[in-house]
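# A structural walkthrough
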Amino acid sequence: MINFLLKGLFRDRSRSLFPFLIVAAGVMLTVFLHAWLSGALSSMIQSTAHYRTGHVCVMTKAYSEKADQVPNDLALLAIDTLVMSLRQRYTDLFWTPRISFGGLLDIPDEKGETKEQSPVSGIGVNLLSADSPEWKMLNIRPALVRGQLPSQHGELLIAEELARKLHVQPGQKATLITSTMYGSMAYFNFTIAGTVRFGVGPMDRSAIIADLADMQQAMDMQQGAGEIVGFFKDDLYHEERANAIARDFNVANLKPSDKFSPIMGTLRTVSGLADYLDYVGSFSGIILTIFVVAMSIVLWNAGLTGSLRRYGEIGLRLAIGEETGHVYRSMMVESLMIGIAGSMAGTAIGVAIAYYLQVHGFDIGSMMKNSTMMISDVIRAQVEPFTFVIGFLPGILATFLGAAISGIGIYKRQTSQLFKELET
Amino acid sequence: MYIFKLAFRNILGAGLRTWLNVVALSFSFVAIIFLQGIYTGMNDQVEQATIDAFYGGGQFWEKSYDPYDPLTLDDAHAPLPASLEDLVKSGQAAPLLIRPAAIYPEGRFRTILLKGIAPQQNVLSIPSSLLKDGEGLIPALIGTRMAKSTGLHKGDELTIQWRDAHGTFDARTVVIADIVRTSVQEIDNGQVWIPLDQLQSLSAMPGHATMVVLKRNTQPPAMLQGWEFRSLDYLLQDLHAVVRSKRIGGSILYLVLLFLAMLAIFDTQVLSIFRRKKEMGTLMALGMTRWSIIELFTLEGGLHGILAACVAALYGIPLLGYIARTGWELPGAADTVGFAIGEKLFPTYSAGLIVGTTVLVLLVTTIVSFLPTRKIAQLKPTDALRGKMS
Amino acid sequence: MRRLLWSIAVLISSVCCGQTPRLPQGASGDEILKKVDLNMFSENKIILSRMIIHGERGSRTVEAKSWQRGTRESFSEFLAPARDKGTKMLKLQDMLWTYSPSTDRTILISGHMLRQSLMGSDLSYEDMMEDPHLPHLYTATVSSEEAIGGRLCWVLDLAARKEEISYFSRKVWVDKARYILLKENLYAKSGKLLKTMDIREVMEVKSHWIAKSILYKDALKEGEGTEFFVDSIVLDTTIPDYIFSKAALRK
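This structure is a prediction, so every number in the text was calculated from the model and none was measured.

About the cut-offs
Residues numbered from 1 in each chain as written. Chains lettered and ligands numbered in written order. Predicted model: local features only at pLDDT ≥ 70, side-chain atom pairs only at ≥ 80, totals over all residues. Heavy atoms only, no water. Helix = DSSP H or I, 4+ residues; strand = E, 2+ residues; numbered from the N terminus. Buried < 20%, exposed > 50% of the residue type's maximum accessible area, 1.4 Å probe, protein only. Contact = heavy atoms within 4.5 Å. Areas by Shrake-Rupley, 256 points an atom, 1.4 Å probe, with all protein chains shown as cover. Domains from an automatic or database assignment. Salt bridge = Lys/Arg side-chain N within 4 Å of Asp/Glu carboxyl O. Polar contact = N/O pair within 3.5 Å; in protein donor to acceptor, adjacent residues only side chain to side chain. Nonpolar A, V, L, I, M, F, W, Y, C, P; charged D, E, K, R; others polar. Buried area = accessible area lost by both parts, 1.4 Å probe. Pairing = 2+ DSSP bridges. Phe/Tyr/Trp six-rings, centres within 6.5 Å; stacked < 30°, edge-to-face > 60°. Patch = residues over 30% accessible without salt bridge, like charges linked within 9 Å, V, L, I, M, F, W, Y side chains within 5 Å. pLDDT = per-residue confidence, 0-100. 1 Å grid on protein atoms, 1.4 Å probe; cavity = no way out; pocket = protein on both sides within 12 Å on 5 of 7 lines; lining within 4 Å. Points joined across faces, edges and corners; volume = space filled by probe spheres on them.

Further remarks concern the overall build of chain C. Per the secondary structure count, chain C includes five helices and 13 strands. Classification of the 251 residues of chain C by burial places 55% in the buried group. Sequence separation of at least 24 residues holds for 50% of the intrachain contacts in chain C that already meet a minimum separation of 6. Per element, the accessible surface of chain C, about 9,700 Å² overall, is 52% carbon and sulfur.

Given below as structure tokens:
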């Protein structure tokens, strides 16, 4: 019977195509919305992930307890082996070491003496290897205002506003005065390669970005780093996977008695964003529920009207002696088929669009006044396992229910009336 | 007018189908308004909380004060000019003195900002009245984030070291009078609040302040020598930039909901035109022009939108009104993250939002209703009467 | 460090004290302090010192050579560890410049940088900048007598004479026989103890007593403090003028 019905659906497009299109469109919207909301949730914590904690973050136990004070005397040492083992063991993440620091940026006059000085806060990241994930994570390229990107050791990026305050141009020299991890005064000469716009007040007024190797040298931290951050390769925060990785790492590496043993935390635990994530999660849950309910009504209605438009056909089938129950059942199976086909097609299209937006993002740069590092110009969707499922709820259930309710009318049809109806 | 009557009768006659469509459409209305309301409410609350806690109605900064340059803090204090002094006396402004200081949580040196605020002030929402006498010790307030990062609790004692106006070290033990559950980072992170008069006298800066915060809607005195006025617009510019960027992302949501409305109407319209060919033929036979029929069907679609608006108003106003009154409870301590919202989120529905959304949805439903009806223009009455589309 | 160096100088002053008549029993605090100051004063001196700094990750030893003229001029060059070798500091009046050979830059240390710890020690740059003449800054009263390491001491309470001063009050233990400080506590305006200095070892140089080992500690911070050792000291020697110039930093 299913074959027979399928043939019917294929051959009589008026019966199947329009309901199919409506279901597919509805499901596509639902799927897209889910992926979009997931992406929005991720983007809200994106700058925290990119600038502070990564999706997961390895620090020494002691450093992690005072992380907000940036205690570089408690930093990780011998990170090369650690980074290598992380890269080998957890291959679906990028691993990259970072050093956060504070200090003074001193601009010399022509005699090499202090002309301008300003307190700065900075991060040392891997800027010089072309495959460094930092370019993407820190969104550096689009945020460049003047000058160029660092291409060799000793080059530095500074916030545009800071550069203006210090009256420096790209190409000029600057000396960073900070402390080594042992507390000694540290000096390091940089050339200002370019200026960037962060988009967040405090950073625009005081932030600098240096190469990790330069900072290791400046701060006497050979093979050292404050933290090693890990980013999922799709740049989306997958909480369960992050938790599993952190658990696995800590079981293998964390020694409670050793304050310098490495410990891994997730974005959720390290950033203190746990409550915020819950809150935004429940917010998007509500949006999604409202939407799915509304879409279900639309598709239910579509199922309902889909059956009603076949009023004449049903009359005829009843008139030539088809059993009422059989007509009803065949209508149900047909609606189920349309529901499944529409949901599958809708999910496929929705996921495809969402995936495109996950990879390429939706560039709102043209709508923003200026490109900045902290506020990304690109909004992304995020396809999650649930994205593949969510469309089936309104797609199949609502269509089926709509057909089921409208089909009840079949039982109310009077045989005596049928021929009369057919005559008209 | 008869077309309107006819359209209205037709859609009411369709019974359940019409009402299902109307309910689905009304969901779009309510959802768009609710979500935009929540979004606006959230931004308003962030802004309001920041204004209440720190920005007030704008601030006068001592001329050398730069909040982003700690080097300026040493010198950023001065006695209040008479006009500001008058505002303070009349409760229209609150002076704050900010000094760089150090604390030693767990024996490690950490720099902080020591801020003095008058316990009796009512300009800012900081619960400064909690800064009561600490039984010989200076009472101090800190925010939740500061408490977390330093491991301090209410009643704990903390040694703070700073220098007075002459450069002399002072170190006092303060007692944490309370932890302020705030989400406004500007009053929390790396800061300790103590009574203004004590900080002034301990710092040998009697009557001095680093900034004076005006009460909301207080007219700032004209140019003051040695002080710069920072308006609310200036203070809020960073916050506004973030909100702007988020708004573009939020509009996608708006668009998806509009699509939902379009889908509901489109489906109904296509079906109506398909099913009601005989009716169209009859109407044409009775002398109605094609465009009148297009008008009729478009109007029917549009009426769905109007009915939906009425239905949405019927349940939406009490529902959204209720949420706006009671607020939306946030889980746990959502504000520990420094996102400046309180424990409850109150959506804000502006008249512009409601009218704008209604007009937009009506417009969209009318356009979507019209699109499938264009087929009618090619309809031959003879075919139509036999139920065929030419 | 400057403060430390002066503390050492105070100890050195005991050398002179040994040559001057002892104060009578019942001498006033100010008299004792003047005596200490008078004895500690030396026009020029060159000191070779070591500082052992205890940090979270073990200890480091910093070696330096310092030239001092009067109370307002000093020049120091770090000799070890290798990383800090060649780093120089020049103090002229209230200004402090540093020079680092790796950057070939002369940098003025100002503002909050002065409050930073000196090379990770329990001393700050500000401590270096203080006027070392205690009688200029404080009035002293004898509060009691105590023995420290078997040496009988006057315990003097020092109260600030003027407002522009880092430490509002101090308590010093003066060796009654040698007129050297054996211990010093520095207090905030509130009376809270901020820093302590303990002389743990003294040495005799050319029949004079000089501190050999001092433990300096920030009382508010956790840790073992900073140990300071004087390996050699030359008093009243000739120091060329160019040493106390910014040009010397780059030499």
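Having seen the model, we can carry on.
Our next topic: the environment of Leu158 of chain B. Residues and elements named next belong to chain B. On the secondary structure map, Leu158 appears in strand E6 (residues 157-163). Once the C-alpha coordinates of Leu158 and Ile103 are considered, the two residues, 55 residues apart in sequence, prove to be 7.5 Å apart. Not counting residues within four places of it along the chain, the set of residues in contact with Leu158 comprises Ile103, Leu152, Arg172, Thr173, Val174 and Val192.

Next up on the list: the domain arrangement of chain A. Residues and elements named next belong to chain A. Along its sequence, chain A is carved into domain 1 (2-44 + 276-423) and domain 2 (46-272). Averaged C-alpha coordinates put domain 1 and domain 2 at centres separated by 47 Å. Taken together, the 15 residues of domain 1 in the interface contact 22 residues of domain 2. Taken together, the connections running from domain 1 to domain 2 amount to zero salt bridges. Our count for the contact surface shared by domain 1 and domain 2 stands at zero residue pairs in polar contact (both at pLDDT 80 or more). Mapped onto the side of domain 1 that touches domain 2, the elements with two or more residues apiece are helix H2 (13-44) and helix H13 (274-308). With three residues, the top contributor of residues to the side of domain 1 that touches domain 2 is H2. In terms of residue class, the side of domain 1 that touches domain 2 is made up of six nonpolar, eight polar and one charged.

Right, let's talk about the interface of chain B and chain A for a bit. On the chain A side, the residues contacting the 58 residues of chain B number 54 residues. Taking both sides of the interface into account, the surface hidden between chain B and chain A amounts to around 5,100 Å²; carbon and sulfur atoms contribute 75%. On inspection of chain B and its partner chain A, the count reaches zero residue pairs in polar contact (both at pLDDT 80 or more). Those elements giving two or more residues to the side of chain B that touches chain A turn out to be helix H2 (16-55), helix H4 (144-150) and helix H7 (237-275) of chain B. Among the elements that make up the side of chain B that touches chain A, the one with the highest residue count is H7 of chain B (23 residues). Of the residues that constitute the side of chain B that touches chain A, the class distribution is 39 nonpolar, six polar and 13 charged.

Time to look at the interface of chain B and chain C. Taken together, the 23 residues of chain B in the interface contact 20 residues of chain C. The contact between chain B and chain C buries some 1,900 Å² in all, and 51% of this surface belongs to carbon and sulfur atoms. Contact with chain C buries surface across chain B, with Arg163, His166 and Phe169 of chain B losing the most and accounting together for 30% of the total. On the surface where chain B and chain C come into contact, there are one salt bridge. Here Lys189 of chain C makes a salt bridge to Asp164 of chain B, at a shortest N to O gap of 2.9 Å. The tally of links between chain B and chain C comes to eleven residue pairs in polar contact (both at pLDDT 80 or more). Within the residue set of the side of chain B that touches chain C, elements represented by two or more residues are E6, strand E7 (169-180) and helix H5 (196-202) of chain B. By residue class, the composition of the side of chain B that touches chain C is eight nonpolar, eight polar and seven charged.

Residue and element names in this part refer to chain B. Of all six residues in strand E5 (residues 138-143), six are buried; the element is thus mostly enclosed. Covered by surrounding structure in E5 are Ile138, Ala140 and Ile142 together with Pro139, Leu141 and Gly143, the residues of both alternating faces. Here E5 runs beside E7; their pairing, made up of six bridges, is parallel. Among the inter-strand pairings, Leu141 is bridged to a residue of E7, identified as Asp178.

Quick look at the environment of Leu220 of chain C now. Residue position: Leu220 of chain C is located in the loop between strand E12 (208-218) and strand E13 (226-235). By relative accessible area, which is 15% here, Leu220 of chain C ends up buried. Placed 118 residues apart in sequence, Leu220 of chain C and Ser102 of chain C show a C-alpha to C-alpha distance of 34 Å. In this view, Leu220 of chain C contacts Tyr104, Gly107, Thr159 and Gln161 of chain B together with Lys192, Leu193 and Leu194 of chain C; residues no more than four positions away in its chain are not counted.

Here the focus is the environment of Met203 of chain A. All names here are of chain A. Structurally, Met203 can be placed in helix H9 (residues 201-206). Overall, Met203 belongs to the partly exposed group, its relative accessible area being 24%. Separated by 34 residues in the primary sequence, Met203 and Tyr237 place their C-alpha atoms 24 Å from one another.

In the structure shown here, the tally under the stated rule is eleven aromatic pairs over all chains. Geometrically, the ring pair formed by Phe32 of chain A and Trp36 of chain A is stacked, given 5.9 Å between the ring centres and 25° between the ring planes. Of the two residues, Phe32 of chain A and Trp36 of chain A are both situated in helix H2; the distance of four residues between them amounts to about one turn of the helix. In terms of burial, Phe32 of chain A and Trp36 of chain A fall into one category: buried. Judged by centre distance (4.8 Å) and plane angle (50°), the rings of Phe60 of chain B and Phe229 of chain B are tilted. With Phe60 of chain B in strand E1 (residues 59-62) and Phe229 of chain B in strand E11 (residues 227-230), this pair connects stretches of sequence that are 169 residues apart.

What follows is about unusual backbone geometry. Backbone torsion omega between Ala80 of chain C and Pro81 of chain C reads 0°, so that peptide bond is classified as cis. The topology assignment puts Pro81 of chain C in the loop between strand E3 (73-80) and strand E4 (88-92). Here the phi dihedral of Ala78 of chain A falls at roughly 50°; this positive angle occurs in a residue that is not glycine. Here Ala78 of chain A falls in the partly exposed class, since its relative accessible area comes to 43%. Unlike most non-glycine residues, Asn139 of chain A shows phi in positive territory, near 55°. Along the chain, Asn139 of chain A turns up in the loop between helix H6 (134-137) and helix H7 (140-143). Note on Asn139 of chain A: relative accessible area 16%, which makes it buried.

Moving on: the side chain of Thr87 of chain C. With respect to the helices and strands, the residue Thr87 of chain C is situated in the loop between E3 and E4. Judged by relative accessible area, which is 6%, Thr87 of chain C ranks as buried. Among all residues touching Thr87 of chain C, those that are not within four sequence positions of it are Tyr187 of chain A together with Ser76, Glu77, Phe78, Tyr99 and Pro101 of chain C.

This next bit is on a nonpolar patch on the surface. All names here are of chain B. Residues Phe266, Trp291, Leu363, Ile367, Phe370 and Leu371 make up a contiguous nonpolar surface patch of roughly 570 Å² in combined accessible area. Per element, the largest residue contribution to the nonpolar patch is four residues, and it comes from helix H10 (residues 351-373). Note that Leu371 resides in helix H10. Residue Leu371 is classed as partly exposed on the basis of its relative accessible area, which comes to 36%.

All right, on to the side chain of Ser330 of chain A then. Inspection of the secondary structure puts Ser330 of chain A in helix H15 (residues 324-359). Separated by 2.8 Å, the side chains of Ser330 of chain A and Arg317 of chain A make a polar contact.

Scanning the entire structure with this criterion turns up 26 salt bridges over all chains. Between Asp175 of chain C and Arg178 of chain C there is a salt bridge whose closest N-O contact spans 3.7 Å. The buried category is assigned to Arg178 of chain C, whose relative accessible area is 13%. One salt-bridge network, in which partners are shared between bridges, spans Arg146, Glu160 and Arg164 of chain A.

Our next topic: the confidence of the model for chain C. Residues and elements named next belong to chain C. Counting all residues, the mean pLDDT for chain C is 81, and 85% of those residues have values of 70 or more. Contacts from residues 1-20, a stretch scored under 50 in pLDDT, to residues over four places away or in other chains number 83 contacts. If you check the scores for this complex, the pTM reads 0.78 and the ipTM reads 0.80.

Over the atoms rolls a probe the size of a water molecule, and its path tells where empty space is left. Residue and element names in this part refer to chain A. Within the structure shown, the criterion is met by four cavities of 30 Å³ or more. Its boundaries defined by the atoms lining it, the second largest cavity holds a volume of some 50 Å³. Together, Ser42, Ile45, Gln46, Ala49, His50, His55, Asp235, Leu236, Tyr237 and Leu267 line the second largest cavity. Examining the composition of the lining of the second largest cavity, we find that three residues originate from one element, helix H3 (residues 46-53), more than from any other. Each residue belonging to the lining of the second largest cavity can be placed in one class, and the counts come to five nonpolar, four polar and one charged.

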